[in-house]
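# Coordinate inspection notes
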Amino acid sequence: MEMLYAITTGILTSCGLYLTLRGRTFPVVVGLTLLSYAVNLFLFSMGGLTTDGAALVNEGSQFADPLPQALVLTAIVIGFAMTAFVVILAMRARSEVGNDHVDGKKEDRE
């Protein structure tokens, strides 16, 4: 299970980094979203992956750590708000500049 989490986190990180380095605004937004998903998986896996862990603590039972779950839930809410903000910012920049390049310059076409 840990290997699956590590591979998934690595793939999300590499895809997110590749898309973040693109020249257009929409792939940058998608790349930042993928990076936030990778960070969420990383935070969740740092709490220790337990299967069949109890949600409530009983005497002598193995339980799931609630702190990484709370951190991931908070990160999801903040990530959604920041994604919405960046999308609106990209739409405004597109309407004012006239293109969707990150640097604001028009692409030279042959």
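These numbers come from a predicted model, not from an experiment.

The positions that UniProt labels "transmembrane region" (unreviewed entry) are, in the present scheme, residues 6-21, 28-50 and 70-91. A helix fraction of 94% and a strand fraction of 0% characterise residues 6-21, whose end C-alpha atoms lie 23 Å from each other. The straight-line gap between the two end C-alpha atoms of residues 70-91 is 32 Å; of that span, 100% is helix and 0% is strand.

Let us look at the pattern of salt bridges. Side chains that carry opposite charge are capable of pairing whenever their charged atoms lie near each other. Applying the stated criterion across every chain yields a total of 2 salt bridges. One salt bridge connects R24 with D100, and the closest N-O pair in it is separated by 2.5 Å. Pair noted here: R24 is in the loop between α1 (2-20) and α2 (25-46) and D100 is in the segment after α3 (66-97), with a separation of 76 residues, a long-range link. Between R92 and E96 there is a salt bridge, with its nearest N and O atoms 2.8 Å apart.

Cut-offs used in this document
- Residues numbered from 1 in each chain as written.
- Predicted model: local features only at pLDDT ≥ 70, side-chain atom pairs only at ≥ 80, totals over all residues.
- Heavy atoms only, no water.
- UniProt positions renumbered as here; feature names shortened; annotations may be inferred.
- Helix = DSSP H or I, 4+ residues; strand = E, 2+ residues; numbered from the N terminus.
- Salt bridge = Lys/Arg side-chain N within 4 Å of Asp/Glu carboxyl O.

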